[in-house]
Amino acid sequence: MSEPVKVHSSVKVHSSVKVHSVAEGPADGPAVVFSGSLGSDHRMWEPQVKPLVEQGFRVIRYDNRGHGASPVPPGPYTLAELGGDLLALLDEHGAERAHLVGLSLGGMTGMWLGVNAPDRIASLVLCCTSAKLGPPSMWADRAKTVREKGTAAVAEAGVGRWLTAGYAAAHPERAGYLREMIASVPAEGYASSCQAIETMELVGDLPKIAARTLVIAGAEDPATPVEHAEVIAGGIPDARLEVVEGAAHLGSFEQPERFTALILEHLEAAR
């Protein structure tokens with residue numbers, strides 16, 4: 001069921017859905033919202049929860065529309081709609097402003113908010129993401145495959161992008177956990193989200209982002225290589241770039257200690 005977003009800025013109002021979320025940590029702690037990758041659900045951020053809660057942060061994780069336990073409205077989706085969902089989530093949790101940590105599609109959503117709802121964003125951490133991720137035909141083809149064959153058809157390739165081959169071989173149970181995560185995503189939700197990425201173009205808007213921003217790249221990320229992070233860090237004023245070795249696309253999962261340390265350092269500095 002769509003509902004209007006209560007917006008506390010000049011951003012254009014977009015229809016939103018009430019996404020599934022999990023909040024942990026002190027109710028009066030600074031809010032940190034974790035926004036995930038295409039094909040994931042809120043569980044991808046599990047390694048980050050305890051360390052942040054122990055430092056007094058209110059950790060809010062959610063499933064993107066069309067993913068996990070969130071509704072699956074008819075597609076295609078747009079980045080503005082995903083941003084509208086996140087704004088509605090902030091309202092639901094009573095968070096006037098929040099730190100946003102986003103990976104891949106979640107990072108794209110974070111950049112959109114940084115441009116369109118700057119007063120809601122306390123700081124940004126943009127992980128393994130891109131401001132323009134082509135070619136469009138790749139996303140159209142993947143959406144078509146998923147609609148015809150289901151998300152199980154892309155799960156193996158997805159894990160191949162998410163994890164380095166060495167990590168997947170050393171931790172087969174962890175790779176299997178992620179494979180099942182992708183395969184459990186509703187086909188329409190995944191395909192419609194592919195279309196949001198297909199039409200996404202944020203490079204020209206990056207200089208408008210005023211939030212304190214940390215950009216983290218995985219040195220072995222085949223989906224959004226380091227060059228994409230360099231574009232983002234170069235476009236956002238005063239953004240900081242960190243490259244994590246031994247990390248593919250789901251770097252926060254494969255190298256949780258390093259990603260979490262960088263996130264915490266950034267959040268403490270932005271308190």
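Residues numbered from 1 in each chain as written. Predicted model: local features only at pLDDT ≥ 70, side-chain atom pairs only at ≥ 80, totals over all residues. Heavy atoms only, no water.

Structural notes on helix α4 (residues 136-149)
And step 1. For α4, with 14 residues, the first-to-last C-alpha span of 20 Å sits near the 20 Å given by 1.5 Å per residue.
And step 2. Taken residue by residue, α4 has W139, R142, A143 and V146 as its buried positions. Buried residues of α4 fall within an arc of 100° about the axis and therefore sit on the same side. Along α4, exposed side chains directed more than 90 degrees from the buried face belong to E148 and K149.
And step 3. Each element contacted by the buried residues of α4 is listed here: α5 (152-162) and α8 (187-198).
And step 4. Where α4 terminates, the next one or two residues include G150, which has phi positive at roughly 90°. (Helix = DSSP H or I, 4+ residues; strand = E, 2+ residues; numbered from the N terminus. Expected span 1.5 Å × (residues − 1). Buried < 20%, exposed > 50% of the residue type's maximum accessible area, 1.4 Å probe, protein only. Arc of directions from axis to C-beta. Contact = heavy atoms within 4.5 Å.)

Describing the pairing of strand β9 (residues 240-244)
Every regular strand shows the same layout, with side chains that alternate between the two sheet faces.
And step 1. Note that strand β8 (residues 212-218) and β9 share five bridges and pair parallel. Of the residues in β9, the one forming a bridge with V215 is L241. (Pairing = 2+ DSSP bridges.)

Topic: the pairing of strand β4 (residues 31-35)
And step 1. The buried count for β4 comes to five of five residues, which makes it a mostly enclosed element.
And step 2. Burial of the side chains of β4 extends over both faces: A31, V33 and S35 are buried on one face and V32 and F34 on the other.
And step 3. In terms of strand pairing, β4 meets strand β5 (residues 58-62) through four bridges, oriented parallel. Bridging across to β5, F34 finds its partner in R61.

Quick look at the pattern of salt bridges
And step 1. For the structure shown, the criterion picks out 17 salt bridges.
And step 2. Residue E54 is joined to K50 by a salt bridge in which the shortest nitrogen-to-oxygen separation is 4.0 Å. With E54 and K50 both in helix α1 (residues 46-54) and four residues apart, this pair spans about one turn of that helix. Accessibility assignment for this pair places E54 and K50 in one class, exposed.
And step 3. The partner of K132 in a salt bridge is E201, with the nearest N and O atoms 3.5 Å apart. A residue pair is termed long-range when its members are at least 10 positions apart, and K132 in the loop between β7 (121-127) and α4 and E201 in the loop between α8 and β8 qualify at 69 residues.
And step 4. Look at K132 and you get partly exposed, because its relative accessible area is 47%.
And step 5. Judged by relative accessible area, E201 falls into the partly exposed class, the value being 42%.
And step 6. The structure contains a network of salt bridges with shared partners spanning R240, E242, R258 and E265. (Salt bridge = Lys/Arg side-chain N within 4 Å of Asp/Glu carboxyl O.)

Description of the environment of E230
And step 1. By the secondary structure assignment, E230 is in helix α9 (residues 226-235).
And step 2. Among the residues examined, E230 registers a relative accessible area of 44% and is labelled partly exposed.

Considerations on α5
And step 1. Those residues of α5 that fall on the buried side of the exposure criterion are V154, A155, G158, V159 and W162. The arc that holds the buried residues of α5, viewed along the axis, is 145°, so those residues lie on one side.
And step 2. Against the buried residues of α5 lie α4, α7 (172-183), α8 and α10 (251-254).

Some details on the nonpolar core
And step 1. Residues V33, L52, M108, M111 and I216 are the most contacted members of the largest nonpolar core, which totals 86 residues.
And step 2. When residues in this core are grouped by element, the largest group, seven residues, is from helix α2 (residues 79-92).
And step 3. Residues contacting I216, with those up to four places away along its chain left out, are V125, L126, C127, C128, E242, V244, F259, L262 and I263. (Core = buried A, V, L, I, M, F, W, Y, C linked by side-chain atoms within 4.5 Å.)

Remarks on the environment of Y190
And step 1. Topologically, Y190 is positioned in helix α8.
And step 2. Look at Y190 and you get buried, because its relative accessible area is 3%.
And step 3. With 152 residues separating them along the chain, Y190 and L38 place their C-alpha atoms 6.9 Å apart.
And step 4. Among residues more than four places away in sequence, those in contact with Y190 are L38, G39, G66, H67, R142, V146, T151, V154, R161, I182 and V185.

Description of the sheet that holds β5
And step 1. One open sheet holds the seven strands; their spatial order is β3-β5-β4-β6-β7-β8-β9, and the pairing between them is mixed. Looking at strand neighbours, the two that pair on one side only are β3 (21-24) and β9, the edges of this open sheet. Neighbour to neighbour, the strand axes of the sheet diverge by 15° on average, direction disregarded.
And step 2. Against the sheet, α1 contacts β3, β4 and β5, and its axis sits at roughly 165° relative to β5. (Axes fitted to C-alpha atoms, helices over the stretch in contact; angles between N-to-C directions.)

Quick word on the state of the cysteines
And step 1. Counted under the stated rule, the structure contains zero disulfides.
And step 2. Its sulfur unpaired, C127 is 6.1 Å from the next cysteine sulfur, which belongs to C128. (Disulfide = S-S within 2.5 Å.)

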